[in-house]
Amino acid sequence: MRWGLIGASSIAENHVIGAMRELGGDIRLVASSNPERAAAFARANHIPRATTDIGAAVSDAGIDAVYISSTNEKHFAQAMAAIAAGKHVLCEKPLAMTLAEAVEMVRAAEGAGVTFATNHHLRCSGSHRTIRDLIAAGRIGRVLSLRLFHAVHLPDSLRGWRITDPGAGGGVIPDITVHDADVARFLLGEEPQTVVAQMCASGLGQGVEDSAMSVWTMPSGAMVMSHESFTHPFAGSGLEVHGTEGSILATGVMTQQPVGEIALVTAAGRVAVPFSDHNLYVQGVSEFVAATAGNGRSAANGWDGVASLAVALAVREAARTGVRQTVSYGAAE
Ligand code: NDP
């Protein structure tokens, strides 16, 4: 796969470039809004071409696909340009600032016959896939509830637009709740229906929330409890799925690394459940590349990105208004 990177970002540098190269990908160019940043990023990451011309970048005949990891408000226009140029698109979450834009991106990709995927890494992990399989195999009976613990401590290097700029898509809800929405959908195989929520700024957020808690109902009757934050240095992450016949307790699994522990607790006792420790980003990029060749689907496709955004938007609206929201999936319904 010949790639163009749109956005001189940390996530590209720290995770996705390595995944592309591990799979034999050829990164041909990086596009950024800033010429010095583009050039420095290209130099540091051994990318032959740096440009500030997004239009030229996405229509470069030498690339097959783009990876969009700019700030969130830029995803829509950049993805639409890439799709119009006939490129496959792997786009970071949240797909866009509004549901209508996200739907438009996915529909445009369908119309153009290109592959469009959302980089939800957690569903690519061995831990989450193992938990999903345990649930699907009935090992905990009927699912009663899912609790998601995703309160982290934002590293200094990421304390820019995320905590100061609502216009760039800052705030913990577009940043982390959107991932948790994808996790719930992936593990339980159903769509959140209604949400209640609270949010606050607890130390880092300047004009955006840095912490959120919400409760979601699912069509099966299961309930989901979700906690996200940028300000919790020692909380650790994890998830618990509780069913009529057992519970799955997973610690340290809401992360970019293939780490953590899973325990299955039933009437028979508590057992540790092993899982694959493959790289999450390699898995996601690999399934995207396979999908572009007509082999299977991306780990999270465009409609998955629409749905996770829909839930995150409902959580923010519920927190803003104090009123329970019914999740609107727009055209994805
Ligand atoms: P960064 O802040 O590192 O990069 C985002 C954009 O900010 C870059 O594209 C660049 O703009 C600009 N930028 C980078 N460095 C600087 C700087 N020193 N000064 C000013 N501007 C700078 O963000 P992330 O990499 O953390 O996030 C990018 C996207 O990826 C977001 O959509 C986020 O939600 C998503 N993400 C996804 C993760 C996942 O695991 N799926 C994890 C982390 C983030 P320009 O485009 O102009 O070069």
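Please read these numbers as outputs of a predicted model, since none were measured by experiment.

### Details of the overall build of the chain
- Summing up its helical and strand segments, the chain has 10 helices and 15 strands in all.
- Radius of gyration (C-alpha) of the chain: 19 Å, near the 20 Å computed for a compact globule of 333 residues.
- Overall, the C-alpha framework of the chain stretches about 60 × 40 × 40 Å when taken along its three principal axes.
- In the chain, buried positions account for 53% of the 333 residues.
- Sequence-distant contacts in the chain: of pairs separated by 6 or more residues, those separated by 24 or more amount to 68%.
- As presented, the chain carries roughly 13300 Å² of accessible surface, and 52% of it is formed by carbon and sulfur atoms.
- Computing the positive centroid from 24 side-chain charges and the negative centroid from 31, the chain places the two 1 Å apart.

### Let's talk about the domain arrangement of the chain
- Partitioning the chain into domains gives domain 1 (2-121 + 282-299) and domain 2 (125-278 + 310-332).
- For domain 1 and domain 2, the distance between their C-alpha centroids amounts to 25 Å.
- At the interface, 19 residues of domain 1 touch 23 residues of domain 2.
- Here domain 1 packs against domain 2, burying approximately 1700 Å² in sum over the two surfaces, 58% of which is carbon and sulfur.
- Its largest share of buried area at the contact with domain 2, domain 1 owes to L99, H120 and H121, together 33% of the area lost on that side.
- With its nearest N and O atoms 3.2 Å apart, the salt bridge here joins D175 to K93.
- Across the domain 1-domain 2 interface, the total number found is six residue pairs in polar contact (both at pLDDT 80 or more).
- The set of elements that each furnish at least two residues to the side of domain 1 that touches domain 2 consists of helix 1 (10-22), helix 5 (99-112) and helix 9 (280-292).

### Considerations on the site of the ligand
- Close contacts around the ligand come from 26 residues, with S10, S32, S33, N72 and Y281 the closest.
- Here an oxygen atom of the ligand and a backbone polar atom of I11 are 2.8 Å apart.
- Between a nitrogen atom of the ligand and a main-chain N or O atom of N119, the distance comes to 2.9 Å.
- The fraction of the free accessible surface of the ligand (890 Å²) that becomes covered by protein chains is 78%.
- Those elements that provide at least two residues to the shell around the ligand are helix 1, helix 7 (161-164) and helix 8 (172-188).
- Of the residues assigned to the shell around the ligand, the class counts are six nonpolar, 14 polar and six charged.
- Counting contributing residues per domain, the shell around the ligand is built from domain 1 (2-121 + 282-299) and domain 2 (125-278 + 310-332), each supplying no fewer than three.

### Some words on the side chain of R185
- Tracing the backbone shows R185 in helix 8.
- Contacts of R185, omitting those with residues within four sequence positions, involve R123, E190, E191, P192, D304 and A307.

### Focus on unusual backbone geometry
- The omega angle of the peptide bond from K93 to P94 is -20°, so this bond is cis rather than trans.
- Although it is not a glycine, H46 sits at a positive phi angle of roughly 55°.
- Here H46 shows up in the loop between helix 2 (35-44) and strand 3 (49-51).

### A look at the pattern of salt bridges
- For the structure shown, the criterion picks out 17 salt bridges.
- Residues E287 and R129 are paired through a salt bridge, measuring 2.8 Å at the closest nitrogen-oxygen approach. Taken together, the residues span a long stretch of sequence, with E287 in helix 9 and R129 in helix 6 (residues 126-136) at a distance of 158 residues.
- A salt bridge links R132 to D133, with the shortest nitrogen-to-oxygen separation between them at 3.7 Å.
- Residue classification places D133 among the partly exposed positions, given a relative accessible area of 45%.
- One salt-bridge network, held together by shared partners, links R123, D182, R185, E191, R297 and D304.

### Overview of the sheet that holds strand 4 (residues 65-68)
- One open sheet holds the six strands; their spatial order is 3-2-1-4-5-6, and the pairing between them is parallel. Edge positions in the sheet fall to strand 3 and strand 6 (116-118), since each has one partner strand and no second. For this sheet, the mean inter-axis angle between neighbouring strands, taken without regard to orientation, is 20°.
- Alignment of strand 2 (residues 26-31) against strand 3, held across three bridges, turns out to be parallel. Paired with A31 across the bridge in strand 3 is T51.

Rules used throughout
- Residues numbered from 1 in each chain as written.
- Predicted model: local features only at pLDDT ≥ 70, side-chain atom pairs only at ≥ 80, totals over all residues.
- Heavy atoms only, no water.
- Helix = DSSP H or I, 4+ residues; strand = E, 2+ residues; numbered from the N terminus.
- Rg over C-alpha atoms; globule rule 2.2 N^0.38 Å.
- Buried < 20%, exposed > 50% of the residue type's maximum accessible area, 1.4 Å probe, protein only.
- Contact = heavy atoms within 4.5 Å.
- Areas by Shrake-Rupley, 256 points an atom, 1.4 Å probe, with all protein chains shown as cover.
- Lys, Arg positive; Asp, Glu negative; His and termini not counted.
- Charge placed at Lys NZ, Arg CZ, Asp CG, Glu CD.
- Domains from an automatic or database assignment.
- Buried area = accessible area lost by both parts, 1.4 Å probe.
- Salt bridge = Lys/Arg side-chain N within 4 Å of Asp/Glu carboxyl O.
- Polar contact = N/O pair within 3.5 Å; in protein donor to acceptor, adjacent residues only side chain to side chain.
- Near = heavy atom within 4 Å.
- Nonpolar A, V, L, I, M, F, W, Y, C, P; charged D, E, K, R; others polar.
- Pairing = 2+ DSSP bridges.
- Axes fitted to C-alpha atoms, helices over the stretch in contact; angles between N-to-C directions.

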